[in-house]
Amino acid sequence: MIELVNVSKTFSDGHKALKNINIKIDNGEFVFLVGPSGAGKSTLIKLLLKEIDPDQGNIIINGKDVTKLKRREIPYLRRNIGVVFQDFRLLQEKTVYENVAFAMEVVEASPKEIRRQVPIILSLVGLSKKSNLYPSQLSGGEQQRVSLARAIVNGPSILIADEPTGNLDPDTAWEVMKSLNEINHRGTTVLMATHAKDIVDAMRKRVIAIENGTIARDDKKGGYGI
Amino acid sequence: MSLASIGSVMAALLVIGIFLILVLNVDYLAAKLESQVEIKVHLVDGLSDTIIGEIRKEIKGLSGVKDCVFVSKDKALKDFSESLGENSYLLEGLEGDNPLSDSFVVTLEDPRLAPQVTLAIKAMSNIENVVYGKEELEKLLDVTYFLRVGSLVIVAILLLISVFIISNTIKLTVYARRREIGIMKYIGATDWFVRGPFFLEGVLLGLIGSIISIGLLATGYYYIARYVEQQMFGLLVISLMPFQEVLKSLTVSLLAFGVVIGSLGSMISIRKFLKV
């Protein structure tokens, strides 16, 4: 569960990125975060990952107040939150398999667990046959699905996707959305920031619209809006 | 790249090592000379044995005096002529009319007590004069002090410089892998998990650099010490610190410096990249 209570963030240059935000997202929800560039979507994601701290308010993730976490506790917060980015952020010199396994090595999983878990996750995102290829040999959609696999391989309860289809053409974008939907059906809370109007409209999920640092709209089964 | 940083650590440690050897030898020399500091007490001519015995007792009773040995004027003349060796003929004919005086050689527990003891002896009766290598001793103590402080400052500066060099070299490796580090941090790697490999790299660079510099310095010192011993034996009162002892101190301190430089350098270079 994610809960933001009266959260405000002003950057040092005086830009008010978020103004008194209140959001509550239950376990297993699929939520779109929409709004124009610079409206505060990225700031919100950075706050959830504790890359930055809010000036005011509390952020509660799975019952823990993130704003009160110590620096050395941050890794353990992040192990519970998978992230994918618009630019995939894969390691080019590692194969698909190694990229996913890397995420498990980082959290110090045993080699046995890694050998068992990685193929399961790769088949979930439909990349079993490409596990020995390098990212440069894959399409954008496939690369994004590798990055999805990496984000969920450690079994996080929350998946944050920051414009995951931003670099993809419509067809491959839908492959990624299918995988995201699949992941959500397995019980993972998904929070996806996006500009893709057609996807938001077609999926009929909860939509939170942010404009000028405030919540403009929060629809249970919404569309992108204007 | 790592070769360059091993080279720079080595160079820094080489200079640090030279200063270390210098300090070790000056300390060695100072300790040796300090233990040799003695006060010479010349007595008035023609004193009876009883009076000489009393003076001796009085000197021995002073605090800080370790020993007090009587040297008769005949013995002094003999020693003098022996010290002249082939030129001892210069003193021929003086046996009957010895110009030297009876004296005491006073050794001290602490060379710094010399001025105080000298004053005390001067105050006694039947003393002609009292001498000790006052200026030489004070100069030596001054020199050792300045050398120690000076070397400490220079070693500290060199350590800082080499930490800076190492951190810059490792920064290149870190920079080349900054994407990977960023990804690791997002996945939930602890700081130490990210640091680990760079830390090891730094320690290894430091260790290799220090081993090479120890090898070079030890070899150099071995030959210099041997040369000094062979060529200058007899000409110098002083001698260099034995090779084994220098090697021991050098190995311990340079290895420690190498590890400290390497680990500190890597810590500094990665700090910025951990803040994600």
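Our structure is the block above this text.
The structure presented is a predicted model; accordingly, all values stated were derived computationally and were not measured. (Residues numbered from 1 in each chain as written. Chains lettered and ligands numbered in written order. Predicted model: local features only at pLDDT ≥ 70, side-chain atom pairs only at ≥ 80, totals over all residues.)

Draft legend 1. Representation of the overall build of chain B in the model. For chain B, the count of helices and strands is eight helices and four strands. Of the regular secondary structure in chain B, the N- to C-terminal order runs α-β-α-β-α-β-α-β-α-α-α-α. In chain B, which comprises 276 residues, the proportion classed as buried is 26%. Considering only residue pairs separated by 6 or more positions, chain B has 85% of its internal contacts joining residues 24 or more positions apart. (Helix = DSSP H or I, 4+ residues; strand = E, 2+ residues; numbered from the N terminus. Buried ≥ 20, exposed ≤ 12 C-beta atoms within 10 Å, placed from the backbone. Contact = placed C-beta atoms within 7 Å.)

Draft legend 2. Just the sheet that holds strand β4 (residues 56-61) of chain A, in detail. Residues and elements named next belong to chain A. Pairing within the open sheet is antiparallel, and its four strands lie in the order β2-β1-β4-β5. Taken across any chain shown, the strands that pair with only one partner, and hence form the sheet edges, are β2 (16-25) and β5 (64-65). The pairing of β4 with β5 spans two bridges and is antiparallel. Each bridged residue has a counterpart across the sheet, and for Ile61 the counterpart in β5 is Lys64. (Pairing = 2+ DSSP bridges.)

Draft legend 3. Structural context of the interface of chain A and chain B. Facing the eleven residues of chain A at the interface are ten residues of chain B. Put simply, the parts of the chain that give the side of chain A that touches chain B at least two residues each are α2 (74-78) and α3 (96-106) of chain A. Considering only residue class, the side of chain A that touches chain B consists of seven nonpolar, no polar and four charged. (Nonpolar A, V, L, I, M, F, W, Y, C, P; charged D, E, K, R; others polar.)

Draft legend 4. Main features of the pairing of strand β10 (residues 214-219) of chain A. Residue and element names in this part refer to chain A. Inspection of the sheet shows strand β9 (residues 206-211) paired to β10 by five bridges, in the antiparallel sense. Along β10, the bridge assignment pairs Ile210 with Ile215. Linkage of β9 to β10, two consecutive antiparallel strands, is achieved through a turn of two residues, within which Asn212 is found at a positive phi near 50°.

Draft legend 5. Region of interest: helix α6 (residues 170-185) of chain A. Residues and elements named next belong to chain A. Compared with the 22 Å implied by 1.5 Å per residue over 16 residues, the 22 Å span of α6 between its first and last C-alpha is a close match. Those residues of α6 lying buried are Ala173, Val176, Met177, Ser179, Leu180 and Ile183. Buried residues along α6 cover an arc of 160° about the axis, so they all sit on one side. Exposed side of α6, more than 90 degrees from the buried face: Pro170, Asp171 and His185 are the residues found there. (Expected span 1.5 Å × (residues − 1). Arc of directions from axis to C-beta.)

Draft legend 6. Quick peek at the packing of helix α5 (residues 140-152) of chain A against α6(A). Residues and elements named next belong to chain A. α6 packs onto α5 with a crossing angle of 20° between their chain directions and a minimal axis gap of 8 Å. Taken as axis vectors, α5 and α6 run roughly parallel relative to one another. Between α5 and α6 lies a crossing of right-handed hand. On the side of α5, the interface is formed by Gly140, Gly141, Gln144, Arg145, Leu148 and Ile152, while α6 contributes Thr172, Glu175, Val176, Ser179, Leu180 and Ile183. By residue class, the composition of the contact of α5 with α6 is five nonpolar, five polar and two charged. (Axes fitted to C-alpha atoms, helices over the stretch in contact; angles between N-to-C directions. Parallel < 35°, antiparallel > 145°, perpendicular 65-115°, else oblique. Left-handed = near helix turned anticlockwise from the far one by under 90°.)

Draft legend 7. Region of interest: the sheet that holds strand β3 (residues 30-34) of chain A. Residues and elements named next belong to chain A. Overall, mixed pairing links the six strands, which are arranged β6-β7-β8-β3-β9-β10 in an open sheet. Across the chains shown, the open sheet's two edge strands, defined by having one partner strand only, are β6 (81-84) and β10. On average, each strand axis in the sheet is tilted by 15° relative to the strand beside it, whichever way the strands run. Sheet analysis places strand β7 (residues 158-162) next to strand β8 (residues 189-193), joined by five bridges and oriented parallel. Each bridged residue has a counterpart across the sheet, and for Asp162 the counterpart in β8 is Ala193. Contacting β3, β7 and β8, α6 runs over the sheet at an angle of about 150° to β8.

Draft legend 8. View of the nonpolar core. In terms of nonpolar packing, the biggest core is built from 70 residues, with A:Leu33, A:Leu48, A:Val100, A:Ala149 and A:Ile160 touching the most fellow members. For this core, the leading source of residues is α3(A), giving eight residues. Apart from the residues within four sequence positions on either side, A:Val100 is in contact with A:Val118, A:Ile121, A:Leu122, A:Val146, A:Ala149, A:Arg150 and A:Val153. Of all hydrophobic cores here, the second largest spans 24 residues; its members include B:Leu13, B:Leu217, B:Ile261 and B:Ile270. (Core = buried A, V, L, I, M, F, W, Y, C linked by C-beta atoms within 7 Å.)

Draft legend 9. Here's a closer look at the environment of A:Thr165. Residue and element names in this part refer to chain A. By the secondary structure assignment, Thr165 is in the loop between β7 and α6. Under the C-beta neighbour-count criterion, Thr165 is labelled buried, with 24 such atoms within 10 Å. Contact partners of Thr165, with chain neighbours within four places excluded, come to Ala173, Val176, Thr194, Ala196 and Ile199.

Draft legend 10. Inspection of unusual backbone geometry at higher detail. All names here are of chain A. Even without a glycine there, the phi angle at Asn20 is positive, about 50°. In this structure, Asn20 sits in strand β2. Positioned with a positive phi, Arg204 is a non-glycine residue whose angle comes to about 55°. Topologically, Arg204 is positioned in the loop between α7 (197-203) and β9.

Shape descriptors only; they carry no functional weight alone.
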